[in-house]
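Single-letter residue listing:
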Number of protein chains: 2
Amino acid sequence: MRDDITLGPGKEFDLVRALEERWGDAAHGIGDDAALIDVPAGHQLVVSADSAVDGVHFRRDWLTPREIGWRVAAAALSDLAAMAADPLAMLVSLSIPDAWLGDILDLADGLADAARATAAHIVGGDLTGARELCIAITVLGAAVNPLRRNGARPGDLLYVTGRFGGPLAAFTAWQGGGRPSPADRDRVAHPVPRMRESRWLAERGAHAAIDVSDGLLSDAAHIAAASHVRLAIALDHLPTLGGLSPDTAARSGDEYELLVASPRDIDTAGFERRFELPLTAIGRVEAGDADVVATLHGARVAPGGGFDHFS
Amino acid sequence: MRDDITLGPGKEFDLVRALEERWGDAAHGIGDDAALIDVPAGHQLVVSADSAVDGVHFRRDWLTPREIGWRVAAAALSDLAAMAADPLAMLVSLSIPDAWLGDILDLADGLADAARATAAHIVGGDLTGARELCIAITVLGAAVNPLRRNGARPGDLLYVTGRFGGPLAAFTAWQGGGRPSPADRDRVAHPVPRMRESRWLAERGAHAAIDVSDGLLSDAAHIAAASHVRLAIALDHLPTLGGLSPDTAARSGDEYELLVASPRDIDTAGFERRFELPLTAIGRVEAGDADVVATLHGARVAPGGGFDHFS
C-alpha cells in the first residue's frame with residue numbers, strides 16, 4: 001500500500017521526510033500535490049475538519065506532546081465515530097512556532113498512534129511556520145448508512161456511552177494549581193473515538209448520533225435543533241467520574257462519548273460486555289419544539305453549559 | 001442540493017450561522033459532525049490540505065480580507081488543478097483572534113468567491129479562538145486519471161502556464177515600502193487555480209504536473225525527485241511580469257501556475273486561444289540522476305530559490 005513520492009530539497013521537506021520516517025506504516029502516499037483515496041463502491045464519503053490551538057485546546061504543561069497529538073487526532077476521528085463511518089485517511093496541517101520544533105516529532109507520534117488505532121492512514125497535510133502552534137486535522141471516512149444529527153424521531157430512546165465529567169474534573173484541578181486523578185487525566189490525555197461502538201449501535205437500529213465535544217446538554221441541543229424534536233433527559237443514572245454530580249458532568253466538554261437515538265431498546269448489558277464501557281439509557285425523544293429538558297431527582301436542570309470559543 | 005442541519009444555541013454556532021448565511025449557495029450540508037459527499041463511480045478521491053497564517057502567508061495591510069480569503073482558497077484548489085481533478089468540496093477551519101472577528105465575514109466572502117468559481121462547495125470545517133489568524137483549508141476532488149509528480153519520463157516535453165514573477169515583484173515592492181503595479185498585485189490578490197487548463201492538458205496527453213507554489217525551479221525539483229529524472233529547463237522564453245529577468249521570475253513563489261510534462265507536442269497556440277493565457281515550452285525531461293538543470297542564454301542558473309518556511 002505504500003505509494004510515497006520522493007520530495008525535492010529544502011528544510012521544509014526535510015521535516016516532511018522526518019515525519020514520514022517517524023510515522024512509518026501509519027502514513028502513506030504523502031508528497032504529491034494531493035493524496036489519492038479509493039472510496040468503496042456504494043459508500044458515501046464522510047469528511048470532517050477539526051483544529052486545536054496551543055493554549056486554547058491544550059497546554060503543554062498539562063500534557064506531553066505525544067498526548068497532545070493523540071488527543072487532537074482522536075477528537076477529529078470522533079466525528080467519524082459519530083457518523084458511524086469507517087475511517088479511511090487523515091490529513092495533518094501543522095502551523096509550528098520555533099519553540100515547538102523540538103517537540104513536533106513527539107507530537108507526530110501521538111497523531112500516528114491515533115492513525116494506527118483507527119486505520120486512518122495519514123495521507124497528506126501542510127507545514128508552515130507560525131507564532132503559535134495550530135493543528136488542523138481533516139479526517140475522511142466511508143459509510144453506507146451514516147448516523148446524522150437530524151435522524152432523531154419522537155419515541156426514540158436516548159443512550160450515552162461511557163462515563164462523563166473526567167475532562168472537567170481534570171481541567172478544574174489543573175486550573176486550581178493541582179493535579180487531576182489518573183482516571184480524570186486519562187480522559188483528557190487519551191480520549192478514545194467510539195468507532196466500533198458506533199457501528200455496533202448503528203447495526204442495532206440507532207439512527208441519530210452526536211459526539212459530545214461541547215458538553216452533553218449542549219450537544220443534545222444540536223440533535224434537538226437538527227431533528228426538530230424535544231429531548232427529555234433524566235441525568236439520575238448518568239455514570240460520572242471525578243466525583244462530579246451528573247448535572248455538572250453533563251456540562252463537561254471534550255468527552256468524545258456518543259449520544260445516540262434509537263427507535264428500539266438496545267441491549268446495554270451486551271454492549272458493556274463487548275466494549276467494557278457503560279451504555280446508559282438517559283431519556284427519550286418527544287414531539288415538540290426543539291429543546292432539551294434535563295432533570296435530576298425530578299427537578300429541572302438548566303440547559304447548555306460547556307465550552308464556547310466565542311462566548 | 002441544500003442539506004443544511006439546524007444548529008443549537010451558542011455564540012460559536014451564531015458565527016457558523018452567519019457564515020452559512022453569507023456563503024449562501026457556495027455552501028451546503030454544513031452542521032453535522034461530518035459532511036457527506038458522493039464520489040462519482042470509477043473516480044478516485046483527490047484530497048489536499050493547505051494552511052495560511054497571518055503575517056507568514058499574507059498581511060492585512062497588503063490585501064483586503066476578501067482577497068485574503070480568495071487567495072488562501074485558490075492556493076488550496078490549485079493542488080486539485082495540479083492533479084487534473086474535478087473539485088467536489090472544501091472544508092474551512094478558522095482559528096480567529098478577537099482582532100479579526102470584525103473582518104471574518106469579509107474574508108469568508110473571498111472563500112465563497114473561490115468556491116463558486118470552481119464549484120467546490122464549502123461543506124464543513126471548524127471555528128476556534130486563537131491569538132493569530134490561521135486558515136486551514138481542505139479541498140476534495142475526483143479524478144479518473146490524476147496527474148502526479150512521479151509521471152515524468154525521459155523524452156517528455158516541459159510546459160508552463162502563465163507569466164511568472166508577479167508575486168515576487170509585488171512582495172518586493174511592499175517590503176520596500178512601495179506599491180506594486182496593479183498587474184503584479186493582482187497575481188497575489190487573485191491567483192486563479194488552473195482547473196480547466198489542467199484538464200485540457202491531461203486530455204491531450206500530459207502525464208505529470210505540479211503547481212508552482214515555492215518557485216518554478218524548486219517545484220521542478222519535486223518532479224525530478226518523484227519521477228527520478230533530470231529536468232533540462234531553458235528559461236529564455238519564460239514569460240515574466242514585473243520587469244523581472246526569467247532567472248529571477250523562476251524563483252518567485254505563490255504563482256499557482258502549472259509545470260507539466262507531456263510525451264507529445266502540445267498545441268500551445270490552441271491553448272492560448274482557449275484560455276487567454278500563455279502555454280510555453282521550457283524544456284525536456286532526460287534520463288539521469290534526479291536534478292534540475294536550468295539555463296539562461298546558454299549559461300547555467302543556480303537551482304532552487306523560492307520560499308521555505310523552515311530555512
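Just so you know, these numbers come straight off a predicted model, no measurement behind them. (Residues numbered from 1 in each chain as written. Chains lettered and ligands numbered in written order. Predicted model: local features only at pLDDT ≥ 70, side-chain atom pairs only at ≥ 80, totals over all residues. Heavy atoms only, no water.)

## A few points about the domain arrangement of chain A
Residue and element names in this part refer to chain A. Operational definition: Boundary definitions for the domains trace back to an automatic or database domain assignment. We call two residues in contact whenever any of their non-hydrogen atoms come within 4.5 Å of each other. What counts as buried area is the accessible surface, traced by a 1.4 Å probe, that two parts surrender upon association, with contributions from both included. Salt bridge, as applied in this entry: a Lys or Arg side-chain nitrogen positioned within 4 Å of an Asp or Glu carboxyl oxygen. N or O atoms closer than or at 3.5 Å make up a polar contact, with two conditions inside protein: a donor-capable atom paired with an acceptor-capable one, and, for residues adjacent in sequence, both atoms drawn from side chains. Helix and strand definitions here come from DSSP, where helices need a minimum of 4 consecutive H or I residues and strands a minimum of 2 consecutive E residues; each element is numbered from the N-terminal end. Residue classes follow a fixed rule: Ala, Val, Leu, Ile, Met, Phe, Trp, Tyr, Cys and Pro count as nonpolar, while Asp, Glu, Lys and Arg count as charged, and any other residue, Gly among them, counts as polar.
Split by domain assignment, chain A resolves into domain 1 (11-143) and domain 2 (149-301). Contacts between domain 1 and domain 2 engage 19 residues on the former and 20 residues on the latter. Carbon and sulfur atoms make up 62% of the surface buried where domain 1 meets domain 2, a total of about 1,800 Å² over both sides. Considering only the surface of domain 1 that becomes buried against domain 2, W62, W70 and R71 emerge as the three largest contributors, covering 37% of it. Linking domain 1 to domain 2 there are 3 salt bridges. The tally of links from domain 1 across to domain 2 stands at 9 residue pairs in polar contact (both at pLDDT 80 or more). Every element with two or more residues in the side of domain 1 that touches domain 2 is listed here: α2 (65-82) and β3 (86-96). With 11 residues, α2 is the largest single contributor of residues to the side of domain 1 that touches domain 2. Looking at the side of domain 1 that touches domain 2 residue by residue, the classes come out as 12 nonpolar, 3 polar and 4 charged.

## Some words on the relation of the copies chain A and chain B
Our working definition: Here the copies are matched by least squares. The fit uses the C-alpha atoms of residues with pLDDT of at least 70 in both.
Least-squares fitting of chain A to chain B yields an RMSD of 0.0 Å, with the superposition described by an axial translation of 0.0 Å and a rotation of 180 degrees. Interpreted geometrically, this transformation is the action of a two-fold axis. Take the interface residues of chain A: 100% of them recur as interface residues in chain B, which is what a same-surface contact looks like.

## Quick word on helix α7 (residues 216-227) of chain B
Residue and element names in this part refer to chain B. Just so we agree on the cut-off: A helix is expected to span 1.5 Å for every residue after the first. Burial classification: accessible surface area is computed with a 1.4 Å probe over protein chains only, and a residue below 20% of its type maximum counts as buried, one above 50% as exposed, and the rest as partly exposed.
For α7, built from 12 residues, the straight-helix expectation of 16 Å at 1.5 Å per residue is met to within 8% by its first-to-last C-alpha distance of 16 Å. With 12 of its 12 residues buried, α7 lies for the most part within the structure. H228, located one to two residues past α7, shows a positive phi value of around 55 degrees.

## With respect to the sheet that holds strand β7 (residues 208-211) of chain A
Residues and elements named next belong to chain A. Formally: Pairing between strands is defined by DSSP: at least two bridges between them are needed. Structural elements are reduced to axes, namely lines fitted to C-alpha atoms, with helices fitted over the stretch in contact, and the angle between N-to-C directions of any two is expressed from 0 to 180 degrees.
Spatially, the 7 strands line up as an open sheet ordered β7-β9-β6-β10-β8-β11-β12, and their pairing is mixed. A single partner strand is all that each edge strand has here, and the edge strands are β7 and β12 (299-301). Each adjacent strand pair in this sheet contributes to an overall mean axis angle of 30 degrees, direction not counted. Inspection of the sheet shows strand β6 (residues 157-161) paired to strand β10 (residues 279-286) by 5 bridges, in the antiparallel sense. Across the sheet, residue Y159 finds its bridge partner in β10, namely A281. Against the sheet, helix α7 (residues 216-227) touches β6, β7, β8 (230-234), β9 (258-262), β10, β11 (291-296) and β12, its axis set at about 145 degrees to β11.

## Some thoughts on the interface of chain A and chain B
With 69 residues of chain A at the interface, the matching set in chain B holds 70 residues. Both faces combined, the contact of chain A with chain B buries some 5,900 Å², and carbon together with sulfur accounts for 55% of it. Here chain A and chain B share 8 salt bridges between them. Among the ionic pairs, D33 of chain B bridges to R149 of chain A, the shortest N-O distance being 3.2 Å. Applying the counting criterion to the chain A and chain B interface returns 24 residue pairs in polar contact (both at pLDDT 80 or more). The greatest single-element share of the side of chain A that touches chain B, amounting to 9 residues, is contributed by strand β2 (residues 44-53) of chain A. For the side of chain A that touches chain B, the residue count by class is 33 nonpolar, 19 polar and 17 charged. Both β2 of chain A and strand β1 (residues 35-37) of chain B contribute to a ladder of 3 bridges, which runs antiparallel.

## Focus: unusual backbone geometry
Despite not being glycine, H297 of chain A shows a phi value in the positive range, around 50 degrees. Mapped onto the fold, H297 of chain A is located in the loop between β11 and β12.

## Comments concerning the packing of aromatic side chains
The condition is simple: Stacked, tilted and edge-to-face are the three classes applied to pairs of Phe, Tyr and Trp rings, where Trp contributes its six-membered ring and a pair requires centres within 6.5 Å; stacked means planes under 30 degrees apart, edge-to-face means over 60, and tilted covers the rest. Look at NZ for Lys and CZ for Arg. If either is within 6 Å of the ring centre and within 35 degrees of the ring normal, a charge sits over the ring.
Counted according to the given criterion, the structure contains 14 aromatic pairs over all chains. Geometrically, the ring pair formed by F171 of chain A and W174 of chain A is tilted, given 6.1 Å between the ring centres and 50 degrees between the ring planes. Taken as a pair, F171 of chain A and W174 of chain A lie in helix α4 (residues 166-175) at a separation of 3 residues, close to a single helical turn. Each member of the pair, F171 of chain A as well as W174 of chain A, carries the same accessibility label: buried. One cation-aromatic arrangement involves R60 of chain A over W100 of chain A; the distance from NZ or CZ to the ring centre is 4.1 Å. The ring of W200 of chain B is capped by R204 of chain B, whose NZ or CZ atom sits 3.9 Å from the centre of that ring.

## Digging into the pairing of strand β7 (residues 208-211) of chain B
Working note: regular strand, side chains alternate between the two faces of the sheet. All names here are of chain B. Side-chain alternation along β7 places A208 and I210 on one buried face and A209 and D211 on a second face that is also buried. Pairing of β7 with strand β9 (residues 258-262) involves 4 bridges; the strand directions are antiparallel. If you follow D211 over to β9, its bridge partner there is L258.

## Structural notes on the pattern of salt bridges
Residues and elements named next belong to chain A. Under the criterion given, the structure shown has 41 salt bridges over all chains. The shortest N-O distance in the salt bridge between D103 and R60 comes to 2.7 Å. Placement of the pair is D103 in the loop between β3 and α3 (104-118) and R60 in the loop between β2 and α2, with a sequence separation of 43 residues. Judged by relative accessible area, which is 21%, D103 ranks as partly exposed. A single salt-bridge network, built from bridges that share partners, covers R22, R66, D106, D109 and D113.

## Some details on the sheet that holds β1 of chain B
If you trace the 5 strands from one edge of the open sheet to the other, you get β4(A)-β3(A)-β5(A)-β2(A)-β1(B), paired in mixed fashion. The open sheet terminates on both sides in strands that have one partner only, identified here as β4 (121-129) of chain A together with β1 of chain B. With strand direction ignored, the average angle separating the axes of adjacent strands in the sheet is 20 degrees. Alignment of β2 of chain A against strand β5 (residues 134-143) of chain A, held across 10 bridges, turns out to be antiparallel. Pairing of Q44 of chain A across the sheet is with A143 of chain A, part of β5 of chain A. Along the sheet, α2 of chain A makes contact with β2, β3 and β5 of chain A, crossing β5 of chain A at roughly 35 degrees.

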